[in-house]
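Spelled out from the first residue to the last, the chains are:
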Amino acid sequence: MSTAQKHRAKTEVPDPLSSSLPVNMTGRGRAAHSNKAGRFEAESREPVDDGWGTIDELPPVRTEVQIETARHVITKNSSPDLPFDRSINPYRGCEHGCIYCFARPTHAYIGLSPGLDFESRIFAKPNAAQVLERELGASSYQPKPIAIGTNTDPYQPIERTYKIMREVLEVLNRTGHPVTIVTKSALIIRDIDILSEMAERNLAKVAISVTTLDRKIARSLEPRASAPPRRLQAIKALSDAGIPTAVLAAPIIPGLTDHELESILEVCKEHGATEASYILLRLPREVSELFKEWLLREAPGSYRRVLSLLRSMRDGKDYDAQWMQRFKGKGPYADQLAKRFQLACKSKGLSSRLMKLSCDHFIKPTCGGVQLSLL
């Protein structure tokens, strides 16, 4: 077999019409329409239509929230391709239900499905602020920017009720601790009062994630996230309040949304964004099959092109988790995306370099269970 033949065999995309991917219609109003058991479960269950149409008659999936008493909230990482070494996740699971979310497989670790369970069975940590204050007060703690929104969105719909993120921000503001936030929710403007105070001391910056400007695609890809116009309004409100605001064009879906890259950067700049970055679509573990289900259901005409382009940047695979490559991919198409991004940033006056926050204002808390000195 020639080298060209080997390459074609490696990146060949299966015919969607002959695909055996399971699809059921129980998830109305949700991005995922299947709910396979997690990979660690001994048994798996899958709904089957017995001919009476009972699957289609099932009611919409409702969101269930369970309370989780957190023992620790600051998570450390040593990944060389991440610009932060610590983060906080006020929630497990995310009601936004973005079909491409790389965090979906984490639900398998708690015996739930990365499919519908991830977006409908949410775990909230109401004591997060109290635990955070205790951890910040530890004698060994040294401040560095905390990233929030790196796994699940801290401003997902249930935050309106639980207000965990606001309580966390109150602790960070009171202790002078820097924070970076990533969200695709306009709910963040509720906390402009706190964020603007922090921004005056160079303690806060926000990145609004924009995947597409097409309302129809966004509604299907990210069914419970804020619509694109609302995210643009959030960028303007944050910027007008003096809060450094970036646009995160993510994920870039080759063959579906990649043509919007320049348009996204331009309109976000017009609304006040000063910084920009992008991330290529990531399909780790169960996310790969869930995304393929979505493509077959919502954009069957793009199925072959999307997967072919993606695999051309992932060594013929749906996903490559190698550090320094997982966010951008490699190969001619990936290089072209990178050049387009840099040219767009330059022409529109957006910085592609991350702004550094200050750690000089940190005051170690002396409450919340912190052990005081005996001297």
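Each remark here, short or long, concerns the structure printed above.
Note that the coordinates shown come from a computational prediction; the quantities given were computed from them, not determined experimentally. (Residues numbered from 1 in each chain as written. Predicted model: local features only at pLDDT ≥ 70, side-chain atom pairs only at ≥ 80, totals over all residues. Heavy atoms only, no water.)

Right, let's get into the overall build of the protein. The secondary structure content of the protein amounts to 12 helices and 10 strands. Sorting the 375 residues of the protein into buried and exposed places 53% on the buried side. Sequence-distant contacts in the protein: of pairs separated by 6 or more residues, those separated by 24 or more amount to 80%. Split by element, the accessible area of the protein, about 18,000 Å² in all, is 52% carbon and sulfur. (Helix = DSSP H or I, 4+ residues; strand = E, 2+ residues; numbered from the N terminus. Buried < 20%, exposed > 50% of the residue type's maximum accessible area, 1.4 Å probe, protein only. Contact = heavy atoms within 4.5 Å. Areas by Shrake-Rupley, 256 points an atom, 1.4 Å probe, with all protein chains shown as cover.)

To continue, consider the packing of aromatic side chains. Evaluated as defined, the whole model comprises three aromatic pairs. Judged by centre distance (4.9 Å) and plane angle (50 degrees), the ring pair of Y278 and F341 falls under tilted. Of this pair, Y278 sits in strand β10 (residues 275-280) while F341 is found in helix α12 (residues 332-348), placing the two residues 63 residues apart along the sequence. Using a relative accessible area of 5% as the deciding quantity, one classes Y278 as buried. An angle of 20 degrees between the planes, with centres 5.8 Å apart, marks the rings of F291 and W294 as stacked. On the criterion of helical spacing, the pair formed by F291 and W294 is a turn pair, its members being three residues apart in helix α10 (residues 286-298). A cation over a ring is seen here: R282 above F102, with NZ or CZ 4.5 Å from the ring centre. (Phe/Tyr/Trp six-rings, centres within 6.5 Å; stacked < 30°, edge-to-face > 60°. Lys NZ or Arg CZ within 6 Å of the ring centre and 35° of its normal.)

Judged by pairing direction, the sheet is mixed, and its three strands sit side by side in the order β1-β5-β4 without closing on themselves. Among the strands making up the open sheet, the edge pair consists of β1 (64-67) and β4 (91-92). Across two bridges, the pairing between β4 and strand β5 (residues 121-124) is antiparallel. From the neighbouring strand, Y91 faces β5, where its bridge partner is A124. (Pairing = 2+ DSSP bridges.)

Next up on the list: the sheet that holds strand β9 (residues 245-252). With respect to topology, seven strands assemble into an open sheet ordered β2-β3-β6-β7-β8-β9-β10, the strand pairing being mixed. Both edges of this open sheet fall to β2 (75-76) and β10, since each of them pairs with a single strand only. As defined by bridge partners, β9 adjoins β10 across five bridges and the pair is classed as parallel. Looking across to β10, one finds that L248 is bridged to S277.

Turning to the environment of P178, a few remarks are in order. Its place among the elements puts P178 in the loop between α5 (164-175) and β7 (179-183). Relative accessible area serves as the criterion here: at 0%, P178 is assigned to the buried category. Expressed as a C-alpha distance, the spacing of P178 and L203, which sit 25 residues apart in the sequence, is 4.1 Å. Residues within four places of P178 in sequence aside, it is in contact with K144, P145, I146, L203, L357, S358 and C359.

What follows is about helix α3 (residues 128-136). α3 sits mainly inside the fold: seven of its nine residues count as buried. When we look at burial in α3, the residues that qualify are A128, A129, V131, L132, E133, E135 and L136. Contacts made by the buried residues of α3 are with β3 (86-88), β6 (146-148) and α5.

Time to look at the packing of α10 against helix α11 (residues 303-312). Where α10 meets α11, the closest approach of the two axes is 9 Å, and the angle between their N-to-C directions is 145 degrees. Across from F291, K292, L295 and L296 in α10, the residues of α11 making contact are Y303, V306, L307 and R311. Of the residues assigned to the contact of α10 with α11, the class counts are six nonpolar, no polar and two charged. (Axes fitted to C-alpha atoms, helices over the stretch in contact; angles between N-to-C directions. Nonpolar A, V, L, I, M, F, W, Y, C, P; charged D, E, K, R; others polar.)

Bringing the pattern of salt bridges into the picture now. Throughout the structure, instances matching the rule amount to 21 salt bridges. E95 serves as the salt-bridge partner of R224, at 3.3 Å between the closest nitrogen and oxygen. Here the residue R224 occupies a position in the loop between α7 (215-221) and α8 (228-240), and E95 occupies one in the loop between β4 and α2 (116-120), the gap between them amounting to 129 residues. What makes R224 partly exposed here is its relative accessible area of 30%. Here D318 and K292 are joined by a salt bridge, their closest N and O atoms 2.9 Å apart. Here K292 lies in helix α10 and D318 lies in the loop between α11 and α12, a separation of 26 residues in the sequence. The pair formed by D318 and K292 is uniform in burial state, with each residue classed as buried. Within the structure, one salt-bridge network assembled from shared partners comprises E159, R166, E170, R190, D191 and D193. (Salt bridge = Lys/Arg side-chain N within 4 Å of Asp/Glu carboxyl O.)

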